[in-house]
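Architecture and fold: a report
Now for the letters of each chain:
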Amino acid sequence: MYVSPKSLSVCVSTGDGCGPSVLGPSSGTLSSLGYPGTYPNHTVCEWEISVPQGRRLHFRFADLDIEDNNCQVNYLRIYDGVGPQRTQIVKFCGLGLKVPELIQSAGNRVTIQFMSGTHRSGRGFSLSYSTTEHTDLITCLDKGIHFTEAEFTRYCPAGCLTSVGEISGTVPHGYRDSSPVCLAAIHAGVVSNSVGGQISVVSSKGIPHYDGSLANNVSSTVGPLSNSLFTFKTSGCYGTLGLESGVVRDSQLSASSVWEWSDVIGQPSEWGPSGARLKRVGLPWASAHSDQQQWLQVDLKKEKRITGITTTGSSLPEYQFYVSAYRVLYSNDGQNWSVYREADATQNKSFQGNTNYLQEVRNNFIPPIEARYVRMSPTQWHQRIALKFELFGCQFHQGNQTSQSDANVALAAVLVPVLVMVLTALILTMVCAWYWRNRMKSSEGAYDLPHWDRTGKHNTVYWWKSMKQFLPSKMAEGEESVRYSSSEVGRLRGRGNAPRLQAKPAEYAQPLVSGVVTSLGQRSTFKPEEGSDHCYTDPDLYGAPMATDIYHAYSEPLPASGAEYATPIVIDIASHLSGISSLSQPPTVSSFMGRSPASLLTRTDSGQSGRSMYDTPKSTGQATPIEDLAYQVPQSSSQKPAGQS
């Protein structure tokens, strides 16, 4: 972009009429000489502004006050184009003119011409411009009280530092609503005076008192109570980088020289770089020499995004030393250094330092510095070079400039935890499957029962069919009979190495089938199988041996007068349907879930005349002493047993 202010004045004593102006690459400000005072007589000034092809410009007036006694020689004109081929867009002449709308050019080149004849009044003019993509352009004179929104965004032009106005407040507490918004934005460090930029503003209730401070060449003043205040939204990259807190170690601070001396009693005093920590009590850093070759340096150990710096003088009343101006240099290797410049600037930036030994002064880097090493080089000072400082910023993220290796590391950081989780889930699944399979095998070994279907298909149907084998005959009516061979009777005891229960010879009840606890009515016992050890082999269900005087819940000893054992019940389910006596078939074992002693009586299918009889204790409806127990002998009669209704 080419920007060229051009003066056509012929009277040097009265000035040329071109007032303070900042013409930035995409925005700027212009004003008449002496604004807001009366502009000089007999002056002419022109500004020629050009932007890249394809773009256009627009203008907003902050103030327009030109005496109109003779509009032939007192006026302001805006032209499309430059040189002899330019064409007029608008012409203004008059006092107190209001121009609320934006004035837009037709092309990418504009000429602004201001002329004055003989006059007695008039402030002249002040306006701002930007390219047309910034439709929310405001002027340097717009104040907080001019905006009624609780939150709003606007575009501030470059050059508002030269505008008139006074702000009250600071960054953390906010600015009084009478403050010009764009000037406060420069003080807060959210826009640059040389470039301008977008701001995001939040309004809130005012406070009783506003402090003043010096920042970015703008001095805010103490202000009284106001109805409202405003603050700025930022990116959040304004945290301290560790000098005051001690995160930055003494070994990371270095200097060109150190001032050392001894007092009258010989006490040594060293003003080393370790003392250059803001708000730390003690001696600051001071150089041994007073020239522009001195510097103070910090190594941040890795590249950081640095957005600002705050400095102070010695902070000691007896040594009122401070640096009033300095340059900032930065490097990534500590060998090759660059001097900081603002965007699109051709000269190194000189930062305004302290005006006394005690007050803190802040300067922001717009754009931010991205470096590992930062070096301060004083250019002006009071009495002696001495200072304390703190840097502001955040971790540096390369974004789109990240190398492929960094991208691979980031990808690995995501994939590795995912793979670990998947492998862990797979291992846990295999362990659970192995555990369940062993548990099912253990259950089969203990009772030798049909196992559940493990295919996962129609589990409910298979479970019901398996359970019906152990239900009374009428509950299993209509289902296919299941035959058990006599050889399977011996497998009802546990197959595993279960602990043996040592007890005196006694009668034992058969364990209930499939682990279902139920009542068989009156006592029924079976003689334990013979073996080398006259004791009972406990199935795997019971995890530990019991004391000799404690018996299982399912068994009760018979009277001591003598052991009686019931003959194992033998029944052929297949013969039940045909009516053939079960005594002629191989013996089978059958277990029933009865609700009362009557549930153990003979049951036959509907329409069958044959009835199988079971060895059932006689029931009198009352508890019978153990000595009087008797067992019925299977009868050949088809009549119902006594007590069966």
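Residues numbered from 1 in each chain as written. Predicted model: local features only at pLDDT ≥ 70, side-chain atom pairs only at ≥ 80, totals over all residues. Heavy atoms only, no water.

1. Overview of the overall build of the protein
This is how it is decided: Under the scheme used here, helices are H or I runs from DSSP no shorter than 4 residues and strands are E runs no shorter than 2 residues, and both carry numbers assigned from the N terminus. Partly exposed describes any residue whose relative accessible area lies between the buried limit of under 20% and the exposed limit of over 50%, with all areas from a 1.4 Å probe on protein chains only and scaled to the type maximum. Should any heavy atoms of two residues lie within 4.5 Å, those residues are counted as being in contact. Here, Shrake-Rupley sampling with a 1.4 Å probe gives the accessible areas, and only protein chains in the shown set may cover a residue.
Scanning the protein from N- to C-terminus turns up four helices and 30 strands. Relative to its 645 residues, the protein shows a buried fraction of 39%. A fraction of 73% describes how many contacts in the protein between residues 6 or more apart in sequence connect residues 24 or more apart. A total accessible area of about 35,500 Å² is found for the protein, and carbon and sulfur atoms account for 53% of it.

2. Section: the environment of D333
The test is simple: Polar contact is the term for a pair of N or O atoms within 3.5 Å; when the atoms are in protein, one must be able to donate a hydrogen and the other to accept it, and sequence-neighboring residues count only if both atoms are side-chain atoms.
With respect to the secondary-structure elements, D333 resides in the loop between β24 (322–331) and β25 (338–339). As a C-alpha pair, D333 and K302 span 31 residues in sequence and 9.9 Å in three-dimensional space. A polar contact is formed between the side chain of D333 and the backbone nitrogen of Q335, at a distance of 2.8 Å.

3. Considering the confidence of the model for the protein
Let me state the cut-off plainly: Known as pLDDT, the predictor's per-residue confidence is scaled from 0 to 100.
Counting all residues, the mean pLDDT for the protein is 75, and 63% of those residues have values of 70 or more. Confidence, read as mean pLDDT per element, is least for strand β1 (residues 3–7) in the protein (42) and greatest for β24 (98). Here residues 1–15 scores under 50 on pLDDT; set against residues more than four positions off or in separate chains, the count is 41 contacts. Ignoring residues within four places in sequence, the model shows residues 445–458, a span with pLDDT below 50, making 30 contacts including any to other chains.

4. Observations concerning a nonpolar patch on the surface
Heads up, the rule is: Only residues whose relative accessible area exceeds 30% and that take part in no salt bridge are eligible for patches, with like-charged residues grouped when within 9 Å of each other and nonpolar side chains (Val, Leu, Ile, Met, Phe, Trp, Tyr) grouped when within 5 Å. Salt bridges are defined by distance alone: a side-chain nitrogen of Lys or Arg within 4 Å of a carboxyl oxygen of Asp or Glu.
A surface patch of nonpolar side chains, amounting to about 320 Å² of accessible area, comprises L423, L426 and M430. Looking at the secondary structure, you find M430 in helix α2 (residues 404–447). The class for M430 is exposed, based on a relative accessible area of 55%.

5. With respect to the side chain of T379
Here T379 is to be found in strand β27 (residues 361–382). The class for T379 is buried, based on a relative accessible area of 18%. Residues contacting T379, with those up to four places away along its chain left out, are Q292, A325, Y326, R327 and S350.

6. With respect to the sheet that holds strand β5 (residues 57–65)
Within a beta sheet, neighbouring strands are joined by backbone hydrogen bonds and run either parallel or antiparallel to one another. Applicable threshold: Being paired, for any two strands, means DSSP has found at least two bridges between them.
Read across the sheet, five strands follow the order β2-β3-β10-β5-β8 without closing on themselves; strand pairing throughout is antiparallel. Strands with a single pairing partner mark the edges of an open sheet, and in this sheet they are β2 (22–23) and β8 (103–104). Here strand β3 (residues 27–31) pairs with strand β10 (residues 124–131) via five bridges, running antiparallel. Looking across to β10, one finds that S27 is bridged to S130.

7. Quick notes on the state of the cysteines
Threshold: Any cysteine sulfur atom paired with another within 2.5 Å is treated as part of a disulfide.
Counted by the stated rule, this structure contains five disulfides. Residue C140 pairs covalently with C160 via a disulfide, S to S 2.1 Å. Taking the sign of the S-S torsion, about -80 degrees here, the bridge from C140 to C160 comes out left-handed. Taken together, the positions of C140 in the loop between β10 and β11 (151–156) and C160 in the loop between β11 and β12 (169–170) put the pair 20 residues apart, joining distant regions of the chain. In terms of burial, C140 and C160 fall into one category: buried. In this model C237 forms its disulfide with C394; the gap between the sulfur atoms is 1.9 Å. Measuring the twist about the S-S bond at about -95 degrees, one finds the C237-C394 disulfide to be left-handed. Taken together, the residues C237 in the loop between β17 (228–232) and β18 (239–240) and C394 in strand β28 (residues 386–395) connect sequence positions 157 residues apart. With relative accessibility at 6%, the residue C237 sits in the buried group.

8. Describing the pattern of salt bridges
Counted according to the given criterion, the structure contains ten salt bridges. For R55, the salt bridge is made with E133, and the minimal N-O distance between the two is 3.4 Å. Of the two residues, R55 sits in the loop between β4 (43–50) and β5 while E133 sits in the loop between β10 and β11, which places them 78 residues apart along the sequence. For E133, a relative accessible area of 43% corresponds to the partly exposed category. A salt bridge links E151 to K233; the shortest N-O distance between them is 2.9 Å. You can see E151 sitting in strand β11 and its partner K233 sitting in the loop between β17 and β18, a full 82 residues away along the chain. Among the residues examined, K233 registers a relative accessible area of 47% and is labelled partly exposed.

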